[in-house]
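Inside the fold
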Amino acid sequence: MIVGKTINVWANSNISVKELRATEVSMIYPFSVSPVFTTELRHSGDCAILGIADDGTVYAEELYGDDGWLAQHKIAPDGKVENSVDEAGGTALPVTPLVIPEGAVAPNRVWHTMRLNYAGPRHRGLRGLERVDELVRTLTVADKFAFAKILSVSIEPQAVIGLAESYVLSEVQVIQPDWFIVCRRIRIAYALGEEKIDRDGLPFDYDTCVLHVAHPFNREEDEIRLTTGLVDDFFGMRLYRPMDCALVNERLYIGDGGDRESGRVSRVHVMTLDRPEPPSPDDLWRKKLYG
């Protein structure tokens, strides 16, 4: 574990996020992930994994538009889209859903990583009245620099208040019993330069912004926090809106949602998971006997 010195970053606005990260705790995971292929879908809405056949065929679903139109896709093991059904914004109704083969693996219900779920202050309001600084979960200085850089609003790092909300959308266990990869929706609270009035005529001097992240998580850790590295990438890969994940035959599958404003369509990422071999029955017996 490497811990850096304490520095006054607000007094030195020229310091880089990379330099700040050098002051953070260095985390090394007992597994690694590397990309195999990414398949682009059609729309800029939400993306879910319906099932994965044993041969690696992926069945994915998109929900898009204000009315929640549906599209489903069958993706071959080489990443090519073999078949699709699409309501086409309501112009191709009705559609027959794709048939998911018996035995296909679907994402698990979120259960083991629920301790990451957290609901803090209101999404918008008056910072003092709402006791926002007491209700949010604090972020490191490096986190604040990183979030200020990637949020959809233009703010200074010192305006980032903290983590206002967290919700795990999907989880997959990678090493028993405690290591998981999660797809997580978080909400970051930030201060405004001056008080404003919303559409309902109510004043507010802080607001929040939603981000989606995917990252490893050890449920036995005492401290739950986001690090700058987790915000920046996922094992060196840029994910935009990770929403769903599953693991089959040492391959990790992530459904990555799109964005209507930028025109970015949903994607399905397929990655190889490299992890230690599970202990043999003899190893477990020896551990139980000798400790």
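Here the structure is shown first, and the text comes after it.
Worth saying up front: this structure is predicted, and the values here are computed from it rather than measured.

The rules behind these values
Residues numbered from 1 in each chain as written. Predicted model: local features only at pLDDT ≥ 70, side-chain atom pairs only at ≥ 80, totals over all residues. Heavy atoms only, no water. Buried < 20%, exposed > 50% of the residue type's maximum accessible area, 1.4 Å probe, protein only. Helix = DSSP H or I, 4+ residues; strand = E, 2+ residues; numbered from the N terminus. Pairing = 2+ DSSP bridges. Polar contact = N/O pair within 3.5 Å; in protein donor to acceptor, adjacent residues only side chain to side chain. Contact = heavy atoms within 4.5 Å. Phe/Tyr/Trp six-rings, centres within 6.5 Å; stacked < 30°, edge-to-face > 60°. Lys NZ or Arg CZ within 6 Å of the ring centre and 35° of its normal. Core = buried A, V, L, I, M, F, W, Y, C linked by side-chain atoms within 4.5 Å.

Focus on the pairing of strand β11 (residues 251–256)
- For β11, a buried count of five out of six residues is recorded, marking the element as mostly surrounded by other parts of the structure.
- Counting the residues in the hairpin turn of strand β10 (residues 242–248) and β11 gives two residues, including Asn249, whose phi is positive at 50 degrees.
- Relative to strand β12 (residues 267–274), β11 is paired through six bridges, and the arrangement is antiparallel. Pairing of Gly255 across the sheet is with Val268, part of β12.

Observations regarding helix α3 (residues 141–150)
- Counted residue by residue, α3 has seven buried out of ten residues, so it is predominantly covered.
- Among the residues of α3, those classed as buried are Ala142, Asp143, Lys144, Phe145, Ala146, Phe147 and Ala148.

A closer look at the side chain of His269
- Here His269 shows up in strand β12.
- A polar contact is formed between the side chain of His269 and the side chain of Thr38, at a distance of 2.8 Å.
- Here the side chain of His269 touches Asp256 through a polar contact of 2.9 Å, side chain to side chain.
- Setting aside residues up to four positions removed in sequence, His269 forms contacts with Phe37, Thr38, Leu239, Leu252, Tyr253, Ile254 and Asp256.

Re unusual backbone geometry
- Cis geometry marks the peptide bond from Leu93 to Pro94, where omega comes out at -10 degrees.
- For Pro94, the location among the structural elements is in the loop between β5 (81–86) and β6 (118–119).
- A cis geometry characterises the amide bond from Gln176 onward to Pro177, with omega recorded as 0 degrees.
- Within the secondary structure, Pro177 is located in the loop between β7 (160–175) and β8 (179–197).

Looking at the packing of aromatic side chains
- Per the counting criterion, the structure on display carries six aromatic pairs.
- Plain terms: the ring middles of Tyr29 and Trp179 are 5.8 Å apart, the flat faces sit at 90 degrees to each other, and that makes the pair edge-to-face. Taken together, the positions of Tyr29 in the loop between α1 (17–21) and β1 (32–40) and Trp179 in strand β8 put the pair 150 residues apart, joining distant regions of the chain.
- Judged by its relative accessible area of 23%, Tyr29 is partly exposed.
- Sitting above the plane of the Phe204 ring, Arg124 keeps its charged end 4.2 Å from the centroid.

Side note on the pairing of β12
- Extensive coverage of β12 is indicated by the burial of six of its eight residues.
- By the bridge criterion, eight bridges tie β1 to β12 in an arrangement that is antiparallel. Each residue of the ladder has a partner; that of Thr39, found in β12, is Val268.

Considerations on the side chain of Asn218
- Along the chain, Asn218 turns up in strand β9 (residues 203–218).
- What Asn218 contacts, discounting residues up to four positions off in sequence, is Asp178 and Trp179.

Some details on the nonpolar core
- Val33, Val174, Ile181, Phe234, Leu252, Ile254 and Met271 are the most contacted members of the largest nonpolar core, which totals 18 residues.
- Residue assignment for this core shows that the elements contributing at least two residues are β7, β8, β10, β11 and β12.
- Leaving out residues up to four positions away in the same chain, Val33 has contacts with Ile181, Phe234, Phe235, Met237, Leu252, Met271, Thr272 and Leu273.
- Core analysis: the next-biggest nonpolar cluster, separate from the first, contains 15 residues, Ala148, Ile155, Val160 and Ile186 among them.

Topic: the environment of Glu277
- Tracing the backbone shows Glu277 in the loop between β12 and α5 (281–290).
- Relative accessible area serves as the criterion here: at 71%, Glu277 is assigned to the exposed category.
- Distance from Glu277 to Ile175, taken between C-alpha atoms, is 9.2 Å for residues 102 residues apart in sequence.

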